[in-house]
Amino acid sequence: MSLLVIIPAYNEEESLETVVENLKKKCSWCDFIVVNDGSIDGTAALCEKKGYPLLDLPVNLGLSGAFCAGMKYAYRNDYDEVIQFDADGQHLPEYIEVLHEKLISGRYDIVIGSRFVEYKKGHSMRMLGSNLISMAIHLTTGLKIKDPTSGMRIWNKKLIKEFATEINMTPEPDTISYLLRRGATVSEVQIEMRERIAGVSYLNFTKSIKYMLRMLVSILLVQAFRGNEKIPEIKEKSKEGVRLAV
C-alpha cells in the first residue's frame, strides 16, 4: 500500500533538512512531499537545492490549507494512506510504521499518534484545553479520544478523497468529530514527541485559548449543522466496530 507523508512547512528552513533526512533514513519505504505554505524564509529554496518533492504555495494558507493541498496531491496520485508530519522536528518517523500497521488492520479510517494512551496528562492550560476538547468529542460522538490535538495522524484512502473533494475539511479535532459522526472509525496508539528543533510555535498562550474556544464551539454547535450523512464507501459498522480502540 502506498503511503504519502505530508509535511506542511511555514518558515521552517532551520529544521526542515534535519526532519526530512531523518525521515528518509528511517522510512525509506514512504513517499513524502513538503508543502511550502507561502514561507518568507528559505524553505522553498532549501527544498529545491536538496531535490525534495515540493508543493510551493504562493501565499500562506495556514496549516489547514497546506494540509488539504497535500491531500489533493495524494488523491490525484492515488495514494492509499496519508500521514501528517510536522516540519519542526516534534514528530518522530520511528512511529510511522506503528500507525501504518494499525491502519491497515482494516478496522480504522483514522489512527492518531497519542501521547496519552499509556501516560497521564500533565497539569497545564494546554492540557486543560485538551481535556475539554476530549469531553466535547465524547458528548457529540460517544467516543473518548485521549489526545485530540495531536497533529500526527494517519488517514486512509476514503478520507483522502473527503479532504480532496469536500469543503471545510481541516486537520483539526472538530473535523475528526464530524467524520466520526459520519461513520468513520478511529484508534490511538502511543507515541512520543520531542520539542521543536528550531523556531517558535505560533500557539502562544492567547492563541492557545482562542484555539480551544474555537474547537469547543465548532464541535458542540457548528458541526451539528453539517449533517450526519454517512461518508461514501464507508459502510455502516456495528456498535462494536465504531468504538475507539488502542
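Model, not experiment: these values are computed from the prediction. (Residues numbered from 1 in each chain as written. Predicted model: local features only at pLDDT ≥ 70, side-chain atom pairs only at ≥ 80, totals over all residues. Heavy atoms only, no water.)

Q: Break down the overall build of the chain for me, citing the residues and quoting the values.
A: A tally of regular secondary structure across the chain gives 8 helices and 7 strands. Expected size for 246 residues packed as a compact globule is a radius of gyration near 18 Å; at 17 Å, the chain falls within 12% of this value. In terms of overall dimensions, the chain has C-alpha extents of about 50 × 40 × 35 Å along its principal axes. Residue pairs at least 24 apart in sequence account for 78% of intrachain contacts in the chain once pairs closer than 6 positions are excluded. On the chain, roughly 12,300 Å² of surface is accessible, and the fraction owed to carbon and sulfur atoms is 54%. (Helix = DSSP H or I, 4+ residues; strand = E, 2+ residues; numbered from the N terminus. Rg over C-alpha atoms; globule rule 2.2 N^0.38 Å. Contact = heavy atoms within 4.5 Å. Areas by Shrake-Rupley, 256 points an atom, 1.4 Å probe, with all protein chains shown as cover.)

Q: Describe in detail the sheet that holds strand 1 (residues 3-9), supporting the description with residues and values.
A: The strand order 3-2-1-4-6-5-7 describes an open sheet built from 7 strands, whose pairing is mixed. Two strands close off the open sheet at either side, each with one partner strand: strand 3 (54-57) and strand 7 (186-190). Strand-to-strand twist across the sheet, computed as the mean angle between neighbouring axes with direction ignored, equals 20 degrees. Lying on the sheet, helix 1 (residues 13-26) is in contact with strand 1 and strand 2 (31-37); it crosses strand 2 at an angle near 165 degrees. (Pairing = 2+ DSSP bridges. Axes fitted to C-alpha atoms, helices over the stretch in contact; angles between N-to-C directions.)

Q: Pulling in residues and values, what's your account of the pairing of strand 5 (residues 110-114)?
A: Across the 5 residues of strand 5, 5 count as buried, placing the element largely inside the fold. Taking every second residue as pointing to the same face, both faces of strand 5 are buried, with Ile110, Ile112 and Ser114 on one and Val111 and Gly113 on the other. Pairing geometry for strand 5 and strand 6 (residues 153-156), over 3 bridges, is antiparallel. When the sheet's bridge partners are listed, Ile112 is paired in strand 6 with Arg153. With 5 bridges connecting them, strand 5 and strand 7 associate as parallel partners. By the bridge assignment for strand 7, Gly113 is matched with Val189. (Buried < 20%, exposed > 50% of the residue type's maximum accessible area, 1.4 Å probe, protein only.)

Q: Outline the side chain of Gln84, listing residues and values.
A: By the element assignment, Gln84 lies in strand 4 (residues 81-84). Of the polar contacts made by the side chain of Gln84, one reaches the side chain of Trp155; its length is 3.2 Å. For Gln84, the residues in contact, after removing those within four places along its chain, are Ile6, Phe67, His91, Gly151, Met152, Arg153, Trp155 and Pro171. (Polar contact = N/O pair within 3.5 Å; in protein donor to acceptor, adjacent residues only side chain to side chain.)

Q: Run through the pattern of salt bridges, naming residues and quoting values.
A: The final tally for this structure, using the stated rule, is 7 salt bridges. In this structure, the salt-bridge partner of Lys157 is Asp78, at a minimum N-O distance of 2.7 Å. Here Lys157 is found in helix 6 (residues 157-165), whereas its partner Asp78 is found in the loop between helix 3 (62-76) and strand 4, with 79 residues between them in sequence. Taking the shortest distance from any N to any O, the salt bridge between Arg182 and Glu162 comes out at 2.9 Å. In this pair, Arg182 sits in the loop between helix 7 (173-181) and strand 7 while Glu162 sits in helix 6, placing the two residues 20 residues apart along the sequence. (Salt bridge = Lys/Arg side-chain N within 4 Å of Asp/Glu carboxyl O.)

Q: Explain the nonpolar core to me, using residue names and the numbers behind them.
A: Of all hydrophobic cores here, the largest spans 37 residues; its most connected members are Ile6, Met71, Val82, Trp155, Phe163 and Leu179. Looking at this core, the elements that each hand over two or more residues are strand 1, strand 2, helix 3, strand 5, helix 5 (125-141), helix 6, helix 7 and helix 8 (205-220). It is helix 3 that provides the largest number of residues to this core, a total of 6 residues. Within the second largest apolar cluster, 29 residues are counted, among which are Ile7, Val34, Tyr52 and Val189. (Core = buried A, V, L, I, M, F, W, Y, C linked by side-chain atoms within 4.5 Å.)

Q: Residues and numbers for helix 1, please.
A: Along its 14 residues, helix 1 runs 21 Å from first to last C-alpha, staying within 8% of the 20 Å computed at 1.5 Å per residue. On the buried face of helix 1, the contacting elements are strand 1, strand 2, helix 2 (43-50) and helix 4 (96-103). (Expected span 1.5 Å × (residues − 1).)

Q: Got a sec to walk through the packing of aromatic side chains? Specific residues and values, please.
A: As enumerated under the stated definition, the model contains 4 aromatic pairs in all. With a centroid separation of 6.0 Å and 70 degrees between ring planes, the pair formed by Phe32 and Tyr52 is classed as edge-to-face. Here the residue Phe32 occupies a position in strand 2, and Tyr52 occupies one in the loop between helix 2 and strand 3, the gap between them amounting to 20 residues. By the burial criterion, Phe32 is buried, and Tyr52 matches it. Judged by centre distance (5.6 Å) and plane angle (90 degrees), the ring pair of Phe67 and Phe163 falls under edge-to-face. Of this pair, Phe67 sits in helix 3 while Phe163 sits in helix 6, and the two are 96 residues apart along the sequence. (Phe/Tyr/Trp six-rings, centres within 6.5 Å; stacked < 30°, edge-to-face > 60°.)

Worth remembering: the numbers are spatial, not functional.
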